[in-house]
Amino acid sequence: MRGSRILLALGAPVLACGILAGVSSPALADDPHDPTMTPDAVARDRAIIRKLNQDQLAYVRKRDAQYAEGWKSYRGQRGNDDRGDDDGRADARNYAQARRQYKADLAKWRRDVAACRAGDYSRCR
């Protein structure tokens, strides 16, 4: 008796899903191959989609124009500093110089640490 209640409790949802699956059908609202869509409905869908695409294209063009204006302004400001239009060569030179300075400072620090450990406490910081 108790086992049949469990089976009934587990079987009821499965049965309900099976009944609902037989009643429901896939939605074919915007499917142009749907036989129930009239030529007017297909044309209306096509017009709506075209309008949405045109609106999105206008938005993207406006956004890109604003980006281009921002980059143009940025490049104009860069022209006022000492870098000019050397395609980043000055940046590369500055980086190389900073890297050389870093390596020199690191070597000096390592010498100071070695001297400190060797007993020259004046080199300890």
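Everything quoted here is computed from the prediction, not taken from an experiment.

Another aspect to go through is the overall build of the protein. Across its full length, the protein carries three helices and zero strands. Along the protein, helices (α) and strands (β) appear in the sequence α-α-α when read from the amino end. Expressed as a percentage of the 125 residues in the protein, the buried residues total 8%. As displayed, the protein has an accessible area near 11,400 Å², and 59% of this comes from carbon and sulfur atoms.

The subject of this paragraph is the confidence of the model for the protein. Per-residue pLDDT for the protein averages 80, and the proportion of residues at 70 or more is 66%. Across the protein, the element-wise mean pLDDT spans from 56 in helix α1 (residues 2-23) up to 94 in helix α3 (residues 89-117).

A separate point is the pattern of salt bridges. Note on pairing: side chains with opposite charge can pair once their charged atoms come close. Applying the stated criterion to the full structure yields five salt bridges. Of the charged contacts in the structure, one is a salt bridge between Lys51 and Asp55, with a shortest N-O distance of 2.8 Å. With Lys51 and Asp55 both in helix α2 (residues 39-78) and four residues apart, this pair spans about one turn of that helix. In this structure Lys51 comes out as partly exposed when scored by relative accessible area, which is 46%. Looking at Asp55, the relative accessible area reads 38%, which means it is partly exposed. Asp112 is the partner of Arg125 in a salt bridge, and the nearest nitrogen-oxygen pair spans 3.1 Å.

Another point: the packing of aromatic side chains. One pass over the structure, following the stated rule, counts one aromatic pair. Ring geometry for Trp71 versus Tyr74: centroids 5.6 Å apart, planes at 85 degrees, classification edge-to-face. Highlighted residues: Trp71 and Tyr74, both in helix α2, separated by three residues, approximately one helical turn.

Here α3 spans 42 Å end to end across 29 residues, near enough to the 42 Å set by a 1.5 Å rise per residue. Positive phi shows up at Gly119, right after α3, with a value of about 115 degrees.

Taken together, the side chains of Tyr67, Trp71 and Tyr74 define a hydrophobic patch exposed on the protein surface, amounting to about 380 Å² of accessible area. Of note, Tyr67 is situated in helix α2.

So, about the state of the cysteines. One pass over the structure, following the stated rule, counts one disulfide. At a sulfur-sulfur separation of 1.6 Å, the disulfide partner of Cys116 is Cys124. Of note, the bridge from Cys116 to Cys124 carries an S-S torsion of about 100 degrees and is right-handed in sense.

Procedures and definitions
- Per chain, residues are indexed from 1 in the order of the written sequence.
- Only residues with pLDDT of at least 70 get local features here, since the model is predicted, and only at 80 or more are side-chain atom pairs given and counted; chain-wide, interface and lining totals rely on the full set of residues.
- The basis for every side-chain value is the complete set of heavy atoms in the structure, and neither hydrogens nor water enter the calculation.
- Runs of E in the DSSP output that reach at least two residues are strands. Runs of H or I that reach at least four are helices, and both are numbered from the N terminus.
- Each residue is assigned to one of three classes by its accessible area relative to the maximum for its type, calculated with a 1.4 Å probe on protein chains only: buried under 20%, partly exposed between the two thresholds, exposed over 50%.
- To measure how exposed things are, a 1.4 Å probe is used in the Shrake-Rupley method; for residues, cover is taken only from the protein chains shown.
- pLDDT is defined as a per-residue confidence score from the predictor, taking values between 0 and 100.
- Each reported salt bridge corresponds to a side-chain nitrogen of Lys or Arg within 4 Å of a carboxyl oxygen of Asp or Glu.
- Within 6.5 Å between ring centres, the rings of Phe, Tyr and Trp (the latter by its six-membered ring) count as paired, and their orientation is classed by plane angle as stacked under 30 degrees, edge-to-face over 60, tilted in between.
- Between the first and last residue of a helix there are one fewer steps than residues, each counted as 1.5 Å, and that sum is the expected span.
- Exposure above 30% relative accessible area and the lack of any salt bridge qualify a residue for a patch; like charges then connect within 9 Å, and the nonpolar side chains Val, Leu, Ile, Met, Phe, Trp and Tyr within 5 Å.
- Note on terminology: disulfide denotes any pair of cysteine sulfur atoms within 2.5 Å.

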